[in-house]
Amino acid sequence: MTTRLAVRARWALIHEDGGPRIVGDRWIVVEGDRIAAIAGDRPGGVDVVVDRPNLFVLPGLINLHNHVFTESLIRGRSEDLSKALYETNLVYGLLMPFGQLAMQHLSPTECEAIAEFGLMQLMKSGVTTLMESFRAGLTDPFVAAATRAGLRFYAGPYLFSTPDLDIDAEGKPTYRAGSGDADAASLAEWRALHQRHNGGAGDRVRVILSPHATDTCGPDLLRATRRLADEIGCLATIHVAQSREEVEKSRQLHGRSPTELLEWTGLLGRDALLAHCCFSSDSDLDIVKRFGATVINCPRTFARGGVTAAFGRFHDHGLRTVVATDGYVPDIISELRTAGMVSKLAANDPGVATAAQLVDAVTGQAAAALGRDDVGRLAPGARADLVAVDLGGVHVAPVVDPVNALVWRAHASDVWASVVDGRLVVGEGRYLAGDEPAIVARAVAAIDKVTRIGESAGILGRAK
Ligand SMILES: [Zn+2]
């Protein structure tokens, strides 16, 4: 029998032909995995009711770039670094070797515990769809955790031409030239994972192409990625121009900027999602715009390093721009706020990066980036992916405009309920797929184990 669920909305962000608009005092009625109606009166014959005053109901938030595994491992170690250490060492000297150590020493169950720990935090901040990139060996644990959590999950097992990254004595990344053998092995592994997991959990799990970055994937691998994307009809996501060093490396090796490299190898397209583009020039952004690719803006991870990644710059350039949390604080609501504040500071203009633009970035625009019209909107017939945020708190009241209140005032802890495919996955502010303290304890035990090994391997010592 089809389950019926209803959520009482003091305010709802609904989507009609003319775009999103706020309506007051409605019931969102769900049947099975779809929104059946947005009604004025409380419906009868309902199995699950979410009824609380002051709920703002909006489409489930879509977070298109994230790395909860490494974020969990290095939590508490990535802030307040010296500029030199941050620029050279954070990604290649700490994050990647640490991730590698974890994979060598943790069991699949321990990896899954860390994955669930991170996914749970994101879901408690209103995320219902997540795109997560990670080393290919973590795919099974991640898919298991996401499936249990009930999340809509785009898994991006990395493709690499240079699998063993490290740093030299001066803290510079040591690259090895990409070999055809490494490319072929990476692609073969990806195909097997795609075969195993794509379309799993009632099609909530999709496997996408995730070549790691323009400095870790050679031109041949990027060309092969495009061929595969076209052959399978699959999205591709990649890190682009995330550091000055990457831009220099690309010019040195290929005589092109990272964006020009993607254009040259054919990877750019409507189905390409480009993480960061912080060090892209305006002419690079013109290229991105010409191909209709998406820019993924993750401002807080860069703000931590003193680097400005302004949503407003990309949005006002006319690019489809989404906001995501990256490998840092797994809280999409406060990430939106950071995106707004960083943009206003960068432009010296309070009128850029409005609350409405930022909410659209993680709903309608993010759905468009996925090439979907069944998520990212509240409307009869759409998939029942939604979030209900309690705007009754002392830090929020009085609510003049719920979108304004959500972005500029609300906390992740105000998320009262989340629904994915018609199923309640967060209820009364709690993660429903498992016992929260037990999940935290399992993850912390696994993280402590890697920390001890990292200390004896000297990895933590050199990142101080
Ligand atoms: Zn990233």
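What counts, and where the lines are drawn
Residues numbered from 1 in each chain as written. Predicted model: local features only at pLDDT ≥ 70, side-chain atom pairs only at ≥ 80, totals over all residues. Heavy atoms only, no water. Salt bridge = Lys/Arg side-chain N within 4 Å of Asp/Glu carboxyl O. Buried < 20%, exposed > 50% of the residue type's maximum accessible area, 1.4 Å probe, protein only. Disulfide = S-S within 2.5 Å. Pairing = 2+ DSSP bridges. Helix = DSSP H or I, 4+ residues; strand = E, 2+ residues; numbered from the N terminus. Axes fitted to C-alpha atoms, helices over the stretch in contact; angles between N-to-C directions. Domains from an automatic or database assignment. Contact = heavy atoms within 4.5 Å. Buried area = accessible area lost by both parts, 1.4 Å probe. Polar contact = N/O pair within 3.5 Å; in protein donor to acceptor, adjacent residues only side chain to side chain. Core = buried A, V, L, I, M, F, W, Y, C linked by side-chain atoms within 4.5 Å. Donors = N, O, S within 2.8 Å, 3.2 Å for Na, K, Ca; no water. Tetrahedral: all angles 85-135°; square planar, octahedral: opposite > 155°, others 65-115°. Phe/Tyr/Trp six-rings, centres within 6.5 Å; stacked < 30°, edge-to-face > 60°. Expected span 1.5 Å × (residues − 1). Lys, Arg positive; Asp, Glu negative; His and termini not counted.

Caption draft 1: Geometry of the pattern of salt bridges. Summed over all chains, the structure comprises 29 salt bridges. Salt-bridge contacts for E16 lead to R21; the nearest nitrogen and oxygen are separated by 2.5 Å. A residue is classified by how much of its surface remains accessible, and E16, at 40% relative accessible area, is partly exposed. For R21, a relative accessible area of 39% gives the class partly exposed. Here D271 makes a salt bridge to R226, at a shortest N to O gap of 2.8 Å.

Caption draft 2: Structural context of the state of the cysteines. Overall, the coordinates contain zero disulfides when judged by the stated rule. We note that C234 lacks a disulfide partner, and the nearest cysteine sulfur, in C217, lies 15 Å from it.

Caption draft 3: Main features of the sheet that holds strand 14 (residues 272-276). Pairing in this open sheet of four strands is parallel, and the strands run 13-14-15-16 from one edge to the other. Edge positions in the open sheet fall to strand 13 (236-240) and strand 16 (320-323), since each of these has one partner strand only. Between one strand axis and the next, the sheet turns by 30° as a mean value, whatever way the strands run.

Caption draft 4: Layout of the pairing of strand 13. Summarising burial for strand 13: five of the five residues are buried, a large majority. Neither face of strand 13 is exposed, since A236, I238 and V240 on one face and T237 and H239 on the opposite face are all buried.

Caption draft 5: Spatial organisation of the domain arrangement of the protein chain. Examined at the domain level, the protein chain breaks down into domain 1 (4-60 + 376-431) and domain 2 (61-369). Put simply, the middle of domain 1 and the middle of domain 2, counted by C-alpha atoms, are 29 Å apart. If you look at the interface, domain 1 gives 28 residues, while domain 2 gives 34 residues. Both sides of the domain 1 and domain 2 interface together cover about 2400 Å² of buried area, and 63% of this is carbon and sulfur. When the buried surface of domain 1 facing domain 2 is broken down by residue, V407, W408 and Y431 rank first, second and third, together holding 31% of it. D421 is paired through a salt bridge with R204; the nearest N and O atoms lie 3.2 Å apart. Linking domain 1 with domain 2 are eight residue pairs in polar contact (both at pLDDT 80 or more). Of all elements in the fold, only strand 5 (55-59), strand 17 (386-390), helix 16 (402-408), strand 18 (415-420) and strand 19 (423-427) reach the threshold of two or more residues within the side of domain 1 that touches domain 2.

Caption draft 6: Focus on the nonpolar core. Grouped together as the largest cluster of nonpolar side chains are 75 residues, with contacts concentrated most on L58, F69, L73, L119, F142 and F153. Among the elements that line this core, the one with the most residues is helix 3 (residues 108-123), at eight residues. Beyond its immediate stretch of four places on either side in the chain, F69 contacts G99, A102, L106, C111, I114, E132, L138 and F142.

Caption draft 7: Examining the coordination of the zinc ion more closely. Coordination of the zinc ion by the protein involves H65 (NE2), H67 (NE2), H239 (NE2) and D326 (OD), with metal-donor separations of 2.0 to 2.7 Å. Angles of 82 to 165° at the metal separate the four donor atoms of the zinc ion, which places the site in the irregular class. The sequence pattern describing where the donors of the zinc ion fall on their chain is H-x1-H-x171-H-x86-D. With a gap of 87 residues between them, H239 in strand 13 and D326 in the loop between strand 16 and helix 13 (332-347) connect regions that are remote in the sequence. Assigned by exposure class, H239 and D326 land together as buried.

Caption draft 8: Quick look at the packing of aromatic side chains. Per the counting criterion, the structure on display carries five aromatic pairs. Ring plane angle 5° and centroid distance 4.5 Å describe the contact between F134 and F142, whose orientation is recorded as stacked. Judged by its relative accessible area of 3%, F134 is buried. A ring pair is formed by F142 and F153, whose centres lie 6.1 Å apart and whose planes are at 15°; its orientation type is stacked. Pair noted here: F142 is in helix 4 (residues 139-149) and F153 is in strand 8 (residues 152-159), with a separation of 11 residues, a long-range link. Across this residue pair, the class does not change: F142 and F153 are buried. Taken together, F69, F134, F142 and F153 form an aromatic cluster joined through their ring pairs.

Caption draft 9: View of helix 7 (residues 219-232). In a regular helix each residue adds 1.5 Å, so 14 residues correspond to 20 Å; helix 7 covers 20 Å between its end C-alpha atoms and thus fits that length. Among the residues of helix 7, P219, L221, L222, A224, T225, R226, L228 and A229 are the ones counted as buried. Taken from the residues just after helix 7, G233 is the one with a positive phi, measuring 75°.

Caption draft 10: Focus on the side chain of R320. Here R320 shows up in strand 16. Buried charge without a salt bridge: R320, with D271 as the nearest opposite-charge side chain at an N-O distance of 9.1 Å. Engagement of the side chain of R320 in a polar contact is seen with the side chain of T294, the distance being 2.6 Å.

Caption draft 11: Here's a closer look at the environment of D271. Mapping D271 onto the fold places it in the loop between helix 9 (258-265) and strand 14. Each C-alpha atom, one on D271 and one on A356, is 24 Å from the other, the two residues being 85 residues apart in sequence. Sequence-distant contacts of D271, defined by excluding residues within four places in its chain, comprise R226, A229, C234, L235 and A236. Engagement of the side chain of D271 in a polar contact is seen with the side chain of R226, the distance being 2.8 Å.

Caption draft 12: Quick peek at the pairing of strand 19. Sheet topology note: the strand 18/strand 19 ladder contains three bridges and is antiparallel. The residue bridging S418 from the neighbouring strand is V426, located in strand 19. Two successive antiparallel strands, strand 18 and strand 19, enclose a turn made up of two residues, where D421 displays a positive phi of approximately 55°. For strand 19 and strand 20 (residues 430-431), the ladder comprises two bridges, and the chain directions are antiparallel. Of the residues in strand 20, the one forming a bridge with V426 is Y431. Taking the residues between adjacent antiparallel strands as the criterion, strand 19 and strand 20 are bridged by two residues, where E428 takes a positive phi near 50°.

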